Amino acid sequence: MAVSNARVVSTQPAITNDPNGGEGMCPHRLVLEHVTSRWGVLVLIALLERPYRFSELRRAIGRVSEKMLTQTLQTLERDGLVHRDAKPVIPPRVDYSLTDLGREAAEQVRALASWTRDRMDEVQAARRTYDEARRAYDEARA
């Protein structure tokens, strides 16, 4: 048996050692997960409209806990997508807006969300077809 010295190129993201305690994935994959996470998508799309205060943003998104929204905003801020503007007033006022990089990402995410909305009838039809075929298969095996 011959042994090849050919280099294998994987389509899977490389695993890296992350000294910061992350999941150990390539940085681009982590950013992709942040941008496309359940709350990340909604935050980015909402902030495309205008800057929001925390409580306004929470109401605009709906059904997100304070803790989850805080974590999402911190993650997106760390990635350079969201700008946090804390004003030294009483009571404290913090506004969140998109950076240029964040606006670019949000436009991409909004396009995907629009595609999803536009194609929902086809997705639901595919789900029904799949579920019916699965039921028929399960019944035939029983």
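Residues numbered from 1 in each chain as written. Predicted model: local features only at pLDDT ≥ 70, side-chain atom pairs only at ≥ 80, totals over all residues. Heavy atoms only, no water.

Let us look at the overall build of the chain. The helix and strand inventory of the chain stands at 6 helices and 3 strands. Counted from the first residue to the last, the chain has its helices and strands arranged as α-α-β-α-α-β-β-α-α. Taking all 142 residues of the chain together, the buried fraction comes to 22%. Partitioning the intrachain contacts of the chain with sequence separation of at least 6 by distance along the chain shows that 42% fall at a separation of at least 24. For the chain, the accessible surface area stands at approximately 10,900 Å², while carbon and sulfur atoms represent 52% of it. (Helix = DSSP H or I, 4+ residues; strand = E, 2+ residues; numbered from the N terminus. Buried < 20%, exposed > 50% of the residue type's maximum accessible area, 1.4 Å probe, protein only. Contact = heavy atoms within 4.5 Å. Areas by Shrake-Rupley, 256 points an atom, 1.4 Å probe, with all protein chains shown as cover.)

The next thing to look at is the side chain of D95. One can find D95 in strand β3 (residues 93-98). What makes D95 buried here is its relative accessible area of 12%. Of the polar contacts made by the side chain of D95, one reaches the side chain of K87; its length is 3.4 Å. Within the local environment of D95, its side chain forms a polar contact with the side chain of R93, the two groups lying 3.1 Å apart. Apart from residues no more than four positions distant in its own chain, D95 is found in contact with Y52, R53, H83, R84, D85 and K87. (Polar contact = N/O pair within 3.5 Å; in protein donor to acceptor, adjacent residues only side chain to side chain.)

Spatial ordering of the open sheet is given by β1-β3-β2, a layout of 3 strands whose pairing is antiparallel. In this open sheet, the two edge strands, each paired with only one partner strand, are β1 (52-53) and β2 (82-87). Note: β1 against β3, 2 bridges, orientation antiparallel. Counterpart to R53 in the pairing with β3 is D95. (Pairing = 2+ DSSP bridges.)

Just geometry here; none of it tells us what the structure is for.
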